[in-house]
Amino acid sequence: MTDEMTSLGERIVAAVLDSGIAEREEIEGCSEREITRVESTCGVVLPSGYKSFLRHLGRSSGDFLRGYTCHYPKILAVQSKVERKFGEDGVDPTFGESEYVFAGSQDVTFYYFDTQNPYPDPPVHVFAEGYGDPEKHAESLSDWLLDHVEKQSNSSLDDFLEM
(Lines give C-alpha, C1' and ligand atoms only; values in the text may rest on other atoms or scores of the structure.)
Protein backbone atom coordinates (compact mmCIF):
# COMPACT_ATOMS: atom_id res chain seq x y z
CA MET A 1 0.00 0.00 0.00
CA THR A 2 1.44 3.34 -0.98
CA ASP A 3 1.74 6.23 1.47
CA GLU A 4 -0.28 8.35 -0.94
CA MET A 5 -3.24 5.96 -0.82
CA THR A 6 -2.88 5.40 2.92
CA SER A 7 -3.27 9.15 3.36
CA LEU A 8 -6.20 9.54 0.93
CA GLY A 9 -8.65 9.25 3.82
CA GLU A 10 -6.64 11.77 5.84
CA ARG A 11 -6.63 14.20 2.88
CA ILE A 12 -10.39 13.91 2.48
CA VAL A 13 -10.98 14.39 6.22
CA ALA A 14 -8.78 17.51 6.17
CA ALA A 15 -10.63 18.90 3.13
CA VAL A 16 -14.03 18.20 4.71
CA LEU A 17 -13.01 19.85 8.00
CA ASP A 18 -11.39 22.83 6.26
CA SER A 19 -14.54 23.38 4.17
CA GLY A 20 -16.79 23.33 7.23
CA ILE A 21 -18.96 20.55 5.80
CA ALA A 22 -18.49 18.48 8.97
CA GLU A 23 -17.10 18.74 12.47
CA ARG A 24 -14.42 16.33 13.69
CA GLU A 25 -16.84 14.55 16.05
CA GLU A 26 -19.19 13.82 13.13
CA ILE A 27 -16.53 11.83 11.27
CA GLU A 28 -16.00 8.15 12.03
CA GLY A 29 -14.08 5.50 10.13
CA CYS A 30 -14.56 1.76 9.81
CA SER A 31 -12.55 -0.82 11.69
CA GLU A 32 -10.35 -3.29 9.82
CA ARG A 33 -12.92 -5.95 10.66
CA GLU A 34 -15.69 -3.91 9.03
CA ILE A 35 -13.58 -3.33 5.92
CA THR A 36 -12.93 -7.07 5.72
CA ARG A 37 -16.69 -7.63 6.03
CA VAL A 38 -17.32 -5.30 3.07
CA GLU A 39 -14.81 -7.26 0.97
CA SER A 40 -16.19 -10.66 1.96
CA THR A 41 -19.85 -9.66 1.58
CA CYS A 42 -19.25 -8.10 -1.84
CA GLY A 43 -16.76 -10.75 -2.98
CA VAL A 44 -14.02 -8.28 -3.96
CA VAL A 45 -10.62 -7.04 -2.84
CA LEU A 46 -10.96 -3.29 -2.44
CA PRO A 47 -8.27 -0.89 -3.71
CA SER A 48 -6.10 0.74 -1.04
CA GLY A 49 -7.43 4.23 -1.77
CA TYR A 50 -11.00 3.19 -1.03
CA LYS A 51 -9.89 1.29 2.08
CA SER A 52 -8.26 4.50 3.29
CA PHE A 53 -11.55 6.35 2.74
CA LEU A 54 -13.37 3.66 4.74
CA ARG A 55 -10.80 3.79 7.56
CA HIS A 56 -11.30 7.51 7.98
CA LEU A 57 -14.90 8.29 6.91
CA GLY A 58 -16.53 4.91 6.32
CA ARG A 59 -19.14 5.07 9.08
CA SER A 60 -19.97 8.77 9.11
CA SER A 61 -18.82 11.98 7.44
CA GLY A 62 -21.20 14.60 8.80
CA ASP A 63 -22.87 16.47 5.95
CA PHE A 64 -20.23 15.30 3.47
CA LEU A 65 -21.88 12.96 0.95
CA ARG A 66 -25.30 13.59 2.50
CA GLY A 67 -27.91 12.03 0.23
CA TYR A 68 -25.63 9.17 -0.82
CA THR A 69 -25.80 5.62 0.45
CA CYS A 70 -22.08 5.18 0.96
CA HIS A 71 -21.43 4.55 4.66
CA TYR A 72 -21.07 1.31 6.57
CA PRO A 73 -23.17 -0.75 7.18
CA LYS A 74 -25.67 0.45 4.53
CA ILE A 75 -23.03 0.12 1.81
CA LEU A 76 -23.19 -3.66 2.27
CA ALA A 77 -26.62 -3.73 0.63
CA VAL A 78 -26.04 -1.32 -2.25
CA GLN A 79 -24.53 -3.81 -4.73
CA SER A 80 -27.38 -6.30 -4.34
CA LYS A 81 -29.93 -3.47 -4.40
CA VAL A 82 -28.56 -2.29 -7.76
CA GLU A 83 -28.69 -5.76 -9.26
CA ARG A 84 -32.17 -6.46 -7.87
CA LYS A 85 -33.64 -3.07 -8.82
CA PHE A 86 -32.38 -3.05 -12.37
CA GLY A 87 -33.07 -6.74 -12.86
CA GLU A 88 -36.72 -6.11 -11.94
CA ASP A 89 -36.86 -3.17 -14.35
CA GLY A 90 -35.32 -5.24 -17.15
CA VAL A 91 -32.29 -2.93 -17.29
CA ASP A 92 -28.79 -4.38 -17.46
CA PRO A 93 -26.31 -1.93 -15.89
CA THR A 94 -23.53 -4.28 -17.08
CA PHE A 95 -21.81 -4.57 -13.71
CA GLY A 96 -19.14 -7.23 -13.82
CA GLU A 97 -18.10 -9.40 -10.90
CA SER A 98 -15.14 -7.14 -10.14
CA GLU A 99 -17.13 -3.88 -10.24
CA TYR A 100 -17.99 -2.50 -6.83
CA VAL A 101 -20.73 0.06 -6.24
CA PHE A 102 -19.43 2.39 -3.53
CA ALA A 103 -22.20 5.01 -3.56
CA GLY A 104 -25.82 5.29 -4.56
CA SER A 105 -28.04 8.33 -4.80
CA GLN A 106 -31.83 8.09 -4.53
CA ASP A 107 -31.76 4.51 -5.83
CA VAL A 108 -31.35 5.71 -9.43
CA THR A 109 -27.71 6.81 -9.70
CA PHE A 110 -24.83 4.53 -8.74
CA TYR A 111 -21.07 5.15 -8.67
CA TYR A 112 -18.66 2.27 -9.00
CA PHE A 113 -15.11 1.24 -9.82
CA ASP A 114 -13.45 -1.93 -11.06
CA THR A 115 -11.67 -3.68 -8.21
CA GLN A 116 -9.39 -5.45 -10.70
CA ASN A 117 -8.01 -2.14 -11.92
CA PRO A 118 -4.30 -2.27 -11.02
CA TYR A 119 -4.27 1.26 -9.57
CA PRO A 120 -4.96 1.95 -5.89
CA ASP A 121 -7.05 5.00 -6.89
CA PRO A 122 -9.26 3.67 -9.71
CA PRO A 123 -11.43 5.63 -12.16
CA VAL A 124 -15.06 6.12 -11.11
CA HIS A 125 -17.94 5.24 -13.40
CA VAL A 126 -21.59 6.17 -13.07
CA PHE A 127 -24.77 4.39 -14.03
CA ALA A 128 -28.00 6.38 -13.85
CA GLU A 129 -31.40 4.88 -14.53
CA GLY A 130 -32.83 6.25 -17.74
CA TYR A 131 -29.54 7.74 -18.98
CA GLY A 132 -28.18 4.92 -21.11
CA ASP A 133 -24.90 3.09 -20.71
CA PRO A 134 -22.54 3.53 -17.77
CA GLU A 135 -19.83 6.13 -18.34
CA LYS A 136 -16.59 7.28 -16.80
CA HIS A 137 -17.36 10.01 -14.28
CA ALA A 138 -13.97 10.80 -12.71
CA GLU A 139 -10.35 9.93 -13.42
CA SER A 140 -9.96 8.56 -9.89
CA LEU A 141 -11.76 7.96 -6.63
CA SER A 142 -9.76 10.76 -5.01
CA ASP A 143 -10.86 13.16 -7.79
CA TRP A 144 -14.50 12.12 -7.24
CA LEU A 145 -14.25 12.66 -3.49
CA LEU A 146 -12.41 15.99 -3.70
CA ASP A 147 -14.85 17.20 -6.36
CA HIS A 148 -17.70 16.46 -3.96
CA VAL A 149 -15.97 18.37 -1.17
CA GLU A 150 -15.65 21.35 -3.51
CA LYS A 151 -19.24 21.12 -4.76
CA GLN A 152 -20.67 20.79 -1.25
CA SER A 153 -18.44 23.56 0.06
CA ASN A 154 -19.55 25.93 -2.71
CA SER A 155 -23.17 24.83 -2.31
CA SER A 156 -23.09 25.61 1.41
CA LEU A 157 -21.60 29.04 0.75
CA ASP A 158 -24.18 29.75 -1.98
CA ASP A 159 -27.02 28.70 0.37
CA PHE A 160 -25.64 31.00 3.08
CA LEU A 161 -25.31 33.96 0.71
CA GLU A 162 -28.92 33.55 -0.46
CA MET A 163 -30.25 33.94 3.10
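Look above for the structure.
Report on the accompanying structure. All figures in this text were calculated on a predicted structure; none of them were measured in a lab.

### Some thoughts on the nonpolar core
The biggest cluster of nonpolar side chains holds 42 residues, and the ones touching the most others in it are Y50, F64, Y100, F102 and W144. Those elements giving two or more residues to this core turn out to be α2 (8-19), α3 (32-42), α4 (48-57), α5 (75-88), β4 (99-105), β5 (109-114), β6 (124-128) and α6 (141-162). Residues in contact with Y50, not counting those within four places in the same chain, are I75, Y100, F102, F113, P120 and L141.

### Topic: the pattern of salt bridges
Scanning the entire structure with this criterion turns up 6 salt bridges. The closest approach of N and O atoms between E34 and R59, which form a salt bridge, is 2.7 Å. With E34 in helix α3 and R59 in the loop between α4 and β2 (60-61), the pair connects residues that are 25 residues apart, well separated along the chain. Judged by its relative accessible area of 14%, E34 is buried. Judged by its relative accessible area of 30%, R59 falls in the partly exposed class.

### Some words on the packing of α2 against α4
At a minimum axis separation of 7 Å, α2 and α4 run at an interaxial angle of 50 degrees. Compared by their axis directions, α2 and α4 come out oblique. Between α2 and α4 the crossing geometry is right-handed. Facing α2, whose interface residues are L8, G9, E10, I12 and V13, α4 presents G49, S52, F53, H56 and L57. A breakdown of the residues in the contact of α2 with α4 according to their chemical character gives 5 nonpolar, 4 polar and 1 charged.

### Quick look at α2
The terminal C-alpha atoms of α2, which comprises 12 residues, lie 16 Å apart, in line with the 16 Å expected from a rise of 1.5 Å per residue. Taken together, the buried positions of α2 are occupied by L8, G9, I12, V13 and V16. Angular distribution of buried residues about the axis of α2 spans 135 degrees; they occupy a single face of the element. Within two residues after α2, G20 carries a phi angle of roughly 80 degrees, on the positive side.

### Quick look at the packing of α3 against α4
Interaxial distance between α3 and α4 falls to 10 Å at its minimum, and their mutual angle equals 135 degrees. When the axes of α3 and α4 are compared, the pair comes out oblique. Considering the relative orientation of α3 and α4, their crossing is right-handed. Contacts between α3 and α4 involve E32, I35 and E39 from the former and K51, L54 and R55 from the latter.

### Points about the environment of Q79
Residue position: Q79 is located in helix α5. Under the relative-accessibility criterion, Q79 is labelled buried at 11%. Residues Q79 and F110, 31 residues apart in the sequence, show an inter-C-alpha distance of 9.3 Å. When neighbours within four sequence positions are excluded, Q79 is seen to be in contact with E99, Y100 and V101.

### Topic: the packing of aromatic side chains
Scanning the entire structure with this criterion turns up 10 aromatic pairs. Measuring from ring centre to ring centre gives 5.4 Å for F102 and F113, while their planes differ by 25 degrees; the resulting arrangement is stacked. Here the residue F102 occupies a position in strand β4, and F113 occupies one in strand β5, the gap between them amounting to 11 residues. Residues F102 and F113 agree in their burial class; the two are buried. Every member of this aromatic cluster is reached through a ring pair, and the members are Y50, F53, Y68, Y100, F102, Y111, F113 and W144.

The rules we used
- Going along each chain's sequence as written, the residues are numbered from 1 onward.
- Local features in this predicted model are restricted to residues whose pLDDT is 70 or higher, and side-chain atom pairs enter the listing and the counts only when it is 80 or higher, whereas totals over whole chains, interfaces and linings include all residues.
- Working from all heavy atoms in the structure, the side-chain values ignore hydrogens and water.
- In this description, a nonpolar core means a group of buried Ala, Val, Leu, Ile, Met, Phe, Trp, Tyr and Cys residues linked to one another through side-chain atoms lying within 4.5 Å.
- Between buried and exposed lies partly exposed: a residue is buried under 20% and exposed over 50% of the maximum accessible area for its type, with that area taken using a 1.4 Å probe on protein chains only.
- By definition, any uninterrupted DSSP run of H or I lasting at least four residues is a helix, any uninterrupted run of E lasting at least two residues is a strand, and each is numbered from the N terminus.
- The contact criterion used throughout is that any non-hydrogen atoms of two residues lie within 4.5 Å.
- Any Lys or Arg side-chain nitrogen found within 4 Å of a carboxyl oxygen on Asp or Glu counts as a salt bridge.
- Note on geometry: axes are C-alpha line fits, over the in-contact stretch for helices, and angles between N-to-C directions span 0 to 180 degrees.
- Here is the rule for angles: anything less than 35 degrees is roughly parallel, anything more than 145 is roughly antiparallel, 65 through 115 is roughly perpendicular, and the remaining ranges are oblique.
- Handedness of each helix crossing follows the sense of rotation of the near helix against the far helix: counterclockwise by less than a right angle gives left-handed, clockwise gives right-handed.
- Gly counts as polar in this scheme, as do all residues outside two lists: the nonpolar Ala, Val, Leu, Ile, Met, Phe, Trp, Tyr, Cys and Pro, and the charged Asp, Glu, Lys and Arg.
- One less than the number of residues in a helix, times 1.5 Å, gives the span that helix is expected to have.
- Directions drawn from the helix axis to the C-beta atoms are what define this arc.
- Only Phe, Tyr and Trp rings are paired, with Trp represented by its six-membered ring, and only when their centres lie within 6.5 Å; those with planes under 30 degrees apart are stacked, over 60 edge-to-face, the remainder tilted.

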